[in-house]
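Here's the letter readout for the chains.
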Amino acid sequence: MLPVKLPLRLILRVFLPVLFGAAATMHCAGSQTDEIALSMPYEVRPELDSMARWMAARPLAGDASPLAALSESKAYQAYVRNVRAAWERYESGHLERMRAWRENLSDPMCAGAVFYPFSGPDLNHPVTLFPDAPQYVLVGLEPAGFIPEPNIKRGAAEVRELSAIFTAVRGVLGRNFFKTNNMAENVGANRYSGVAGILLFFLSNQGYEVLDGYAVSIAPDGKLVRFDPGLSDTKSDYKYFRPSRSDGVTYFFRRPGGPVQQVVYLNVNLADIFLVEP
């Protein structure tokens, strides 16, 4: 279990503006009281990290992965060249500057949970500015989609479908922020380019090992639970708001030798008409 506390009072009243091209706000919880505890189980699934590496155009950890065969194709090698060139430019042009700014602060950055509303799939800013946070909570209008599962038998056709994720993130790797119009057209265009897939792409390229991940739903009592499309009211105390699809996705990850961290992406509309006083 990974218990993390998120302060409701600060979520509702205080946001920290971040000026690195992110057209949104982030808040780091710190050690404030009046908190909501989020605790979810996870396992260690090496195949998920292999898939994240494959999607991120990074070398697989060994030849045992069934994805190794797909990695040998000319189409995939072209994908690798495109992704690696774009990521290296993004790293030197944006991420390195953000890290340098963070390290030159007179006060250390907060190491509490990070709340990032209106984020879309922009995980790069919070993990770069707040690298020690135990949990990142992202909120956006884009449906999370589901964690993709590569079909090895499709061969080159599968690699061509994978390239949609690069189309979805290519702009942000250049300008350092997502454009709403481009997101509407490219994010979620297929099973790889949804928010769930983009988060995997970013996590692996940031150097993290992805341990586990699954779709989640918000229960009426506010608890975050693992999504089960077959669960009905007669089988559980939870009644999902949208039984046809999940409310989001979560991943557990870590750096080599580091603690386990978690990101939760929630597809929630924060407009006033959708918010109800408890």
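Structure first, text after, so check above.
Reading the values: rules and limits
- Residues numbered from 1 in each chain as written.
- Predicted model: local features only at pLDDT ≥ 70, side-chain atom pairs only at ≥ 80, totals over all residues.
- Heavy atoms only, no water.
- Helix = DSSP H or I, 4+ residues; strand = E, 2+ residues; numbered from the N terminus.
- Buried < 20%, exposed > 50% of the residue type's maximum accessible area, 1.4 Å probe, protein only.
- Areas by Shrake-Rupley, 256 points an atom, 1.4 Å probe, with all protein chains shown as cover.
- Contact = heavy atoms within 4.5 Å.
- Polar contact = N/O pair within 3.5 Å; in protein donor to acceptor, adjacent residues only side chain to side chain.
- Salt bridge = Lys/Arg side-chain N within 4 Å of Asp/Glu carboxyl O.
- Pairing = 2+ DSSP bridges.
- Axes fitted to C-alpha atoms, helices over the stretch in contact; angles between N-to-C directions.
- Parallel < 35°, antiparallel > 145°, perpendicular 65-115°, else oblique.
- Left-handed = near helix turned anticlockwise from the far one by under 90°.
- Nonpolar A, V, L, I, M, F, W, Y, C, P; charged D, E, K, R; others polar.
- Core = buried A, V, L, I, M, F, W, Y, C linked by side-chain atoms within 4.5 Å.

**Here's the deal with the overall build of the protein chain**
(1) Moving on: Each helix and strand in the protein chain was counted, giving 8 helices and 10 strands.
(2) Moving on: Relative to its full complement of 278 residues, the protein chain shows a buried share of 48%.
(3) Moving on: When the accessible surface of the protein chain is totalled, it reaches about 14000 Å², and 55% of it is carbon and sulfur.

**Topic: the side chain of Thr128**
(1) Moving on: For Thr128, the position within the fold is in helix α5 (residues 124–129).
(2) Moving on: Apart from residues no more than four positions distant in its own chain, Thr128 is found in contact with Leu95, Met98, Arg99, Arg102 and Gln206.

**Focus: the side chain of Asn124**
(1) Moving on: On the secondary structure map, Asn124 appears in helix α5.
(2) Moving on: Taking the relative accessible area as the measure of exposure, Asn124 reaches 2% and is therefore buried.
(3) Moving on: A distance of 3.4 Å separates polar atoms of two side chains, one belonging to Asn124 and the other to Tyr90.
(4) Moving on: What Asn124 contacts, discounting residues up to four positions off in sequence, is Trp87, Tyr90, Phe202 and Gln206.

**Describing the pattern of salt bridges**
(1) Moving on: A complete count under the given rule lists 10 salt bridges for this structure.
(2) Moving on: Salt-bridge contacts for Arg154 lead to Glu158; the nearest nitrogen and oxygen are separated by 2.7 Å.
(3) Moving on: A relative accessible area of 35% places Arg154 in the partly exposed class.
(4) Moving on: Looking at Glu158, the relative accessible area reads 0%, which means it is buried.

**Observations concerning helix α8 (residues 195–205)**
(1) Moving on: Taking burial as the measure, the 11 residues of α8 include 11 buried ones, the bulk of the element.
(2) Moving on: Every buried residue of α8 is listed here: Val195, Ala196, Gly197, Ile198, Leu199, Leu200, Phe201, Phe202, Leu203, Ser204 and Asn205.
(3) Moving on: Positioned one or two residues after α8, Gly207 has a phi angle of 95°, which is positive.

**Describing the pairing of strand β7 (residues 209–218)**
(1) Moving on: Most of β7 is tucked away, with 9 of its 10 residues classed as buried.
(2) Moving on: Sheet topology places β7 next to strand β9 (residues 248–254); 7 bridges connect them, and they run antiparallel. Residue pairing for β9: Gly213 is matched across the bridge by Tyr251.
(3) Moving on: When β7 meets strand β8 (residues 224–226), the two strands line up antiparallel, connected through 3 bridges. Note that in β8 the partner of Val216 across the bridge is Arg226.
(4) Moving on: The turn joining β7 and β8, which pair antiparallel and follow one another in sequence, is formed by 5 residues; a positive phi near 90° is taken by Gly222.

**Notes on the packing of helix α4 (residues 74–103) against α8**
(1) Moving on: The interhelical angle for the contact between α4 and α8, taken along N-to-C directions, is 65°, at an axis separation of 12 Å. In terms of axis orientation, α4 runs roughly perpendicular to α8. Relative to α8, α4 is oriented so that their crossing is right-handed. For the pair α4 and α8, the contacting residues are Tyr79, Val83, Arg84 and Trp87 in the first and Phe201, Phe202 and Asn205 in the second.
(2) Moving on: Residues that form the contact of α4 with α8 fall into these classes: 5 nonpolar, 1 polar and 1 charged.

**Let's talk about unusual backbone geometry**
(1) Moving on: Not every positive phi belongs to a glycine, and Ala57 is a case in point at roughly 60°.
(2) Moving on: As for its placement among the helices and strands, Ala57 is situated in the loop between α2 (46–55) and α3 (68–71).
(3) Moving on: A positive phi is found at Phe118, a non-glycine position, where the angle reads about 60°.
(4) Moving on: Of note, Phe118 is situated in the loop between β5 (114–116) and α5.
(5) Moving on: Exposure remark for Phe118: the relative accessible area of 53% places this residue in the exposed category.

**Digging into the nonpolar core**
(1) Moving on: With 55 residues, the main nonpolar core has Trp54, Tyr79, Tyr136, Leu200, Phe201 and Tyr251 as its most contacted residues.
(2) Moving on: A per-element tally of this core places α4 first, with 9 residues.
(3) Moving on: Listed in part, the 10 residues of the second largest apolar core include Tyr214, Val216, Ile218 and Val260.

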